[in-house]
Amino acid sequence: AQTVTQSQPEMSVQEAETVTLSCTYDTSESDYYLFWYKQPPSRQMILVIRQEAYKQQNATENRFSVNFQKAAKSFSLKISDSQLGDAAMYFCAYRSDLPGANSKLTFGKGITLSVRP
Amino acid sequence: DTEVTQTPKHLVMGMTNKKSLKCEQHMGHRAMYWYKQKAKKPPELMFVYSYEKLSINESVPSRFSPECPNSSLLNLHLHALQPEDSALYLCASSQGPARSSAGELFFGEGSRLTVL
């Protein structure tokens, strides 16, 4: 079974600074997706960024980028130029892409990010 | 339209009531999900429908009964719930099962359920 580990329950960052959120995962599969989802207090789960395992290039979306280390099974999220609106709970998630695999998304425990003005 | 719409946003019910949560998407997605989320915890998968058929039931108690009337709609019927069932219930959709989709799940805003 796949597992996703987010070992830091909370982090804080100064507005305009950069912060990195850690995530590791365990799987024996070769084809999969990795995601970072953001859940603000308004509660809707919003996709921040996705990474296909077969792609060596790290995904980027504006101020958000990942450091995907497939051999180390590590998938960290870097938020640059942090903004007050980035304050939220962030979940790292895994989804298999193998034929016949079920569709479930496996989440880490999440990390609460606060942004100091 | 990239939305998953859930109603109601808030629901308070007694342990003897019967109620339903509704979810709708018009993105042409063929997989739909129900998740349960407690405060400060990750979502827990309850059910997955793939092409309108129940494909995953994560050993959810029978007081929760899912229904997928068509490819755009997903319901969760609630009956004889317990106070510990109070939680945020999230609906999500994706293009399809693994290998036929772009991977990500799109989530609704959730229905906050309180069982008295």
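In this text, all values refer to a predicted model and were calculated from it rather than measured experimentally. (Residues numbered from 1 in each chain as written. Chains lettered and ligands numbered in written order. Predicted model: local features only at pLDDT ≥ 70, side-chain atom pairs only at ≥ 80, totals over all residues. Heavy atoms only, no water.)

Can you lay out the pairing of strand β9 (residues 74-79) of chain A for me, pointing to particular residues and giving the numbers?
Residues and elements named next belong to chain A. Of all six residues in β9, five are buried, a share of seventy percent or more. Sheet topology places strand β3 (residues 19-21) next to β9; three bridges connect them, and they run antiparallel. Bridge pairing in β9 places V19 opposite I79. In this antiparallel pair of consecutive strands, strand β8 (residues 64-69) and β9, the connection spans four residues, and K73 shows a positive phi of 55°. (Buried < 20%, exposed > 50% of the residue type's maximum accessible area, 1.4 Å probe, protein only. Helix = DSSP H or I, 4+ residues; strand = E, 2+ residues; numbered from the N terminus. Pairing = 2+ DSSP bridges.)

For the side chain of S86 of chain B, give the residues involved together with the corresponding values.
For S86 of chain B, the position within the fold is in the loop between β8 (73-79) and β9 (87-94). Apart from the residues lying within four places of it in its own chain, the contact partners of S86 of chain B are K38, L113, T114 and V115 of chain B. (Contact = heavy atoms within 4.5 Å.)

How would you summarise the environment of H77 of chain B if you had to cite specific residues and measurements?
All names here are of chain B. With respect to the helices, strands and loops of the structure, H77 is situated in strand β8. When the C-alpha atoms of H77 and F47 are compared, they prove to be 12 Å apart, with 30 residues separating the residues in sequence. In this structure, H77 is in contact with K19, S20, R63, F64, S65 and E67, ignoring residues within four places of it in sequence. A polar contact of 2.6 Å, which involves the side chain of H77, links it to the side chain of S20. Side-chain polar atoms of H77 contact the side chain of E67, separated by 2.7 Å. (Polar contact = N/O pair within 3.5 Å; in protein donor to acceptor, adjacent residues only side chain to side chain.)

Requested: an account of unusual backbone geometry, with residues and values cited.
All names here are of chain B. Across the junction of T7 and P8, the peptide omega takes the value -10°, indicating a cis bond. Position of P8 among the secondary structure elements: in the loop between β1 (4-7) and β2 (10-13). With phi around 70°, E52 is a residue other than glycine that occupies positive phi space. Looking at where E52 falls in the secondary structure, it is placed in the loop between β5 (44-50) and β6 (53-57). Classification of E52 as partly exposed rests on a relative accessible area of 33%.

Help me get a handle on the nonpolar core, residues and values and all.
In this structure, L21, Y25, W36, F75, L77, I79 and Y90 of chain A are the most contacted members of the largest nonpolar core, which totals 26 residues. Counting residues per element, the ones that place at least two in this core are β3, β5 (32-39), β6 (46-52), β8, β9, β10 (88-96) and β12 (111-116) of chain A. It is β10 of chain A that provides the largest number of residues to this core, a total of four residues. Every residue in contact with Y90 of chain A, bar those within four places of it in the chain, is listed here: Q6, L21, W36, Y37, K38, V48, F64, L77, I79, G110, I111 and L113 of chain A. With 23 residues, the next largest nonpolar core counts W34, M46, Y89 and L113 of chain B among its residues. (Core = buried A, V, L, I, M, F, W, Y, C linked by side-chain atoms within 4.5 Å.)

I'd like to hear about the sheet that holds β1 of chain B, residue by residue, with values.
Residue and element names in this part refer to chain B. Read from one edge of the open sheet, four strands run β1-β3-β8-β7, paired in antiparallel fashion. Two strands close off the open sheet at either side, each with one partner strand: β1 and β7 (64-70). Here the strands of the sheet are splayed against their neighbours by 20° on average, with no regard to which way each runs. (Axes fitted to C-alpha atoms, helices over the stretch in contact; angles between N-to-C directions.)

Tell me about the environment of S93 of chain B, and please be specific about residues and values.
All names here are of chain B. Structurally, S93 is set in strand β9. Residues S93 and H26, 67 residues apart in the sequence, show an inter-C-alpha distance of 9.9 Å. Beyond its immediate chain neighbours, meaning those up to four positions away, S93 contacts V4, Q25, M27, H29, A31, M32, Y33, E104, L105 and F106. Within the local environment of S93, its side chain forms a polar contact with the side chain of H29, the two groups lying 2.7 Å apart.

Account for the interface of chain A and chain B, naming residues and giving values.
Between chain A and chain B, the residue contacts involve 26 residues of the former and 30 residues of the latter. Remark: the boundary between chain A and chain B carries two salt bridges. We note a salt bridge from R50 of chain A to E104 of chain B, for which the minimum N-O separation is 2.6 Å. Remark: the boundary between chain A and chain B carries nine residue pairs in polar contact (both at pLDDT 80 or more). Listing elements by their share of the side of chain A that touches chain B, those giving two or more residues are β5, β6, β10 and β11 (105-107) of chain A. Considering only residue class, the side of chain A that touches chain B consists of twelve nonpolar, seven polar and seven charged. (Salt bridge = Lys/Arg side-chain N within 4 Å of Asp/Glu carboxyl O. Nonpolar A, V, L, I, M, F, W, Y, C, P; charged D, E, K, R; others polar.)

Residues and numbers for the state of the cysteines, please.
Applying the stated criterion across every chain, the model contains two disulfides over all chains. Each disulfide pairs two cysteine sulfurs, and for C23 of chain A the partner residue is C92 of chain A, the sulfurs being separated by 2.0 Å. Every disulfide takes its handedness from the sign of the S-S torsion; for C23 of chain A and C92 of chain A that torsion is -70°, giving left-handed. Note that C23 of chain A is positioned in the loop between β3 and β4 (24-26) and C92 of chain A in strand β10, a separation of 69 residues in sequence. Accessibility expressed as a relative area gives 1% for C92 of chain A, which makes it buried. A sulfur-sulfur separation of 1.9 Å characterises the disulfide bridge that pairs C23 of chain B with C91 of chain B. Across the S-S bond linking C23 of chain B and C91 of chain B, the dihedral sits near -75°, which makes this disulfide left-handed. Placement of the pair is C23 of chain B in strand β3 (residues 18-25) and C91 of chain B in strand β9, with a sequence separation of 68 residues. (Disulfide = S-S within 2.5 Å.)

Purely spatial values, then, with no claim about function.
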